[in-house]
Amino acid sequence: MTSGNVIDAYTSEQVQTAVADALAVARSDDELIRRAAFGLAQVCLTELRHRYASAHGRTVVLLVGTGKNGADAMVAGKHLRERGVAVHAIGTSGHVDVIGTRHLDVPVIDATEPAGLKEALDLVAAADMVVDGIVGDAMVGSLRSPANELVEAIPDRALVVAVDLPSGADPDSGAISGVHVRADVTVTFGAYKRCLLMPPASEVAGRLVFVDVGITPRFDPAGQVQRLTPAGVAERWPVPGPGDHKYSRGLLGIIAGSDRYPGAAVLACLGAFGTGVGIVRYTGPRHVGDLILQHVPEAERFPGKVDAYLLGSGVLDDSDQDRAIDEALATGLPCVVDAGAIETSVRRRVAGERPTPGDRVLLTPHVGELARSLAAIGYDATTADIMQRPYEHALRVADAADVTVLLKGSTTIVVGPGGRAFSQDEGPAWLATAGSGDVLAGIAGALTSAGLLALETGAMAAFVHGRAAVLAADGGPLRASMIAEHAPAAVRELLAEHDSSVRPRAGRRAGRGRVRAGVRVRGRG
């Protein structure tokens, strides 16, 4: 389901329970299927018309399993035939005899027979659109023959519409092993499945379309996975009020940069100022401080009172920097921990040194840094392991060290202790460039200094970072500094789009324009 502020995703067990509850009060067993199928057919027609101007005469091949997703595809096929589409159904698991399909006038080929498989492969190769109704949210393991052969035969030019989720993806973890469907569009019914927000499955689901069929899953707050919408980010953004000043809008201490990576500190400062920090106070090598002042003259180059820290961007082995990071970690202040400070922070917190509550500590690793953090807690995982199940590996560190982990990637996962998580994917592929993570850390630092909790900070920072990258790239390459330059426009556009719901925030303490009253409802950040 989705509200105006968040998209909620659910486990397969939660969805199946909700479906059973709905069936208990439905007029007939196939009522939900008919609702889902009509919505699926409308999406297919829209996609065909968008690609070809008209759906009439186009060829659609349905890959049909024996479950409810196969039934959805079959009933949708009837609607498509009524609108002049040439529809062929291919059974991937033997005889297709699901609810209500015997009278649909949709020819079915049994691909489990050798002759049927050859005919089916030819149809798939010639299809304008393939509808994936092979398996659903009860799938376990990899696709088996003949489904895997049919999926491999889908031509690149064909439109692919997945029913509920791309077949071959684990519905809860999002893990993929072996052959899988790569969809252009996934039509999901009644509730978003967790895999639609979880990489790597989220990266093969294409555009998500929600069809309401009248089911309402129940939350599991401990393992809840959500995605902030633009309205959700705008509602939470720390908008200053008339009584705010530079000291009330957040004082961020930054310990970053090195001989090898002096620009990391510059980019972190640019990210922080680009998203509304009041003051940045830099501590680090003098030549890095000089470089910061050349590019960010607003920054201050001396230690002093701060509300939060950003630690580690571009830091290598440096005794003075390491000592300063240790001292900052010991203050108990909220902090964003990046790059060179991540492993130190994890080791200290696992050892019991936890002066800062876990909901005020945000780690921002890439996959390699998360692997080293896992090693620090005694768990071996390769980068390939992490990329296959990023949520689970991030959660191991979050729980062991009592921190929130923002795992950077094409889909960014933000996981708190206990399993609550956000998934954000607003950025373009061009975002994968040197220094972009330093800008992200600066954005997160600005929000942390404004008093937001780590989980919502991570999701909001990832969202604005991605939107700024879209503006900067404009369809082409970008540099990290361009992301920082476009961050103010990203925030401005976001707030303008949702102006009616955004107001200056009541202070979290006297004189601080911070957290808007009423934002933290139903346990959401």
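The rules behind each value
Residues numbered from 1 in each chain as written. Predicted model: local features only at pLDDT ≥ 70, side-chain atom pairs only at ≥ 80, totals over all residues. Heavy atoms only, no water. Helix = DSSP H or I, 4+ residues; strand = E, 2+ residues; numbered from the N terminus. Rg over C-alpha atoms; globule rule 2.2 N^0.38 Å. Buried < 20%, exposed > 50% of the residue type's maximum accessible area, 1.4 Å probe, protein only. Contact = heavy atoms within 4.5 Å. Lys, Arg positive; Asp, Glu negative; His and termini not counted. Charge placed at Lys NZ, Arg CZ, Asp CG, Glu CD. Pairing = 2+ DSSP bridges. Axes fitted to C-alpha atoms, helices over the stretch in contact; angles between N-to-C directions. Parallel < 35°, antiparallel > 145°, perpendicular 65-115°, else oblique. Left-handed = near helix turned anticlockwise from the far one by under 90°. Nonpolar A, V, L, I, M, F, W, Y, C, P; charged D, E, K, R; others polar. Phe/Tyr/Trp six-rings, centres within 6.5 Å; stacked < 30°, edge-to-face > 60°. Lys NZ or Arg CZ within 6 Å of the ring centre and 35° of its normal. pLDDT = per-residue confidence, 0-100.

### Digging into the overall build of the protein
Inference 1: Each helix and strand counted, the protein has 16 helices and 18 strands in total.
Inference 2: The C-alpha radius of gyration of the protein comes to 25 Å, within 12% of the 24 Å expected for a compact globule of 525 residues.
Inference 3: Expressed along its principal axes, the backbone C-alpha trace of the protein runs to roughly 75 × 45 × 40 Å.
Inference 4: A burial count over the protein gives 58% of its 525 residues as buried.
Inference 5: Counted over contacts in the protein with a minimum sequence separation of 6, partners at least 24 positions apart contribute 72%.
Inference 6: Of the side chains in the protein, 52 bear a positive and 60 a negative charge, and the two mean positions are spaced by 6 Å.

### Structural notes on unusual backbone geometry
Inference 1: Here the bond from Ser145 into Pro146 is cis, since omega is 5°, no more than 30 degrees from zero.
Inference 2: Tracing the backbone through its elements, the reader meets Pro146 in the loop between β5 (129-133) and α5 (147-152).
Inference 3: At the junction of Pro199 and Pro200, the peptide bond is cis and its omega measures out at 5° in the coordinates.
Inference 4: Position of Pro200 among the secondary structure elements: in the loop between β8 (192-193) and β9 (207-211).
Inference 5: The backbone of Asp474 sits at a positive phi, close to 50°, despite the residue not being glycine.
Inference 6: With respect to the helices and strands, Asp474 occurs in the loop between α15 (454-473) and α16 (480-497).
Inference 7: Residue Asp474 is classed as exposed on the basis of its relative accessible area, which comes to 69%.

### With respect to the sheet that holds strand β17 (residues 412-415)
Inference 1: Judged by pairing direction, the sheet is mixed, and its eleven strands sit side by side in the order β8-β1-β10-β18-β17-β16-β15-β14-β13-β11-β12 without closing on themselves. Looking along the sheet, the strands with just one partner apiece sit at the ends: β8 and β12 (279-283).
Inference 2: Looking at chain direction, strand β11 (residues 251-255) and strand β13 (residues 308-311) are connected through four bridges and run parallel. When the sheet's bridge partners are listed, Gly253 is paired in β13 with Tyr309.

### A few points about the packing of helix α7 (residues 262-274) against helix α14 (residues 436-449)
Inference 1: The N-to-C vectors of α7 and α14 enclose an angle of 45°; their axes lie 7 Å apart at closest approach. Between α7 and α14, the angle is such that the two are oblique. With respect to the hand of their crossing, α7 and α14 are arranged in right-handed fashion. Residues Ala264, Leu267, Ala268, Gly271 and Ala272 of α7 lie in contact with α14, whose contacting residues are Asp438, Val439, Gly442, Ile443 and Ala446.
Inference 2: Of the residues belonging to the contact of α7 with α14, the class tally is seven nonpolar, two polar and one charged.

### Observations regarding the packing of α15 against α16
Inference 1: Relative orientation of the contacting elements α15 and α16 amounts to 110°, with a least axis distance of 7 Å. Relative to α16, the element α15 lies roughly perpendicular. Residues Phe463, Val464, His465, Arg467, Ala468, Ala469, Leu471 and Ala472 of α15 pack against Met482, Ile483, His486, Ala487, Ala489, Ala490, Val491, Glu493, Leu494 and Glu497 of α16.
Inference 2: Classifying every residue of the contact of α15 with α16 gives 13 nonpolar, two polar and three charged.

### So, the packing of aromatic side chains
The geometry of an aromatic ring pair is captured by two quantities: the separation of the ring centres and the angle between the planes.
Inference 1: Counted under the stated rule, the structure contains one aromatic pair.
Inference 2: Ring geometry for Tyr192 and Phe210: centres 5.4 Å apart, planes at 20°, overall stacked. Of this pair, Tyr192 sits in strand β8 while Phe210 sits in strand β9; the two residues are 18 residues apart in sequence, bridging distant segments of the chain.
Inference 3: The ring of Tyr52 has Arg58 sitting right over it, with the charged end atom 3.9 Å from the ring centre.
Inference 4: A cation sits over an aromatic face here: Arg194 above Tyr391, 4.9 Å from the ring centre.

### Description of the confidence of the model for the protein
Inference 1: Here the protein averages 90 in pLDDT, and 90% of its residues register 70 or above.
Inference 2: Low pLDDT, under 50, characterises residues 506-525; the stretch is placed with 60 contacts to residues that sit more than four places away or in other chains.

### Some words on the environment of Asp21
Inference 1: Following the sequence through the fold, Asp21 ends up in helix α1 (residues 12-25).
Inference 2: Asp21 gets classed as partly exposed once you look at its relative accessible area, which sits at 35%.
Inference 3: Along the chain, Asp21 and Thr216 lie 195 residues apart, while their C-alpha atoms are 8.8 Å from each other.

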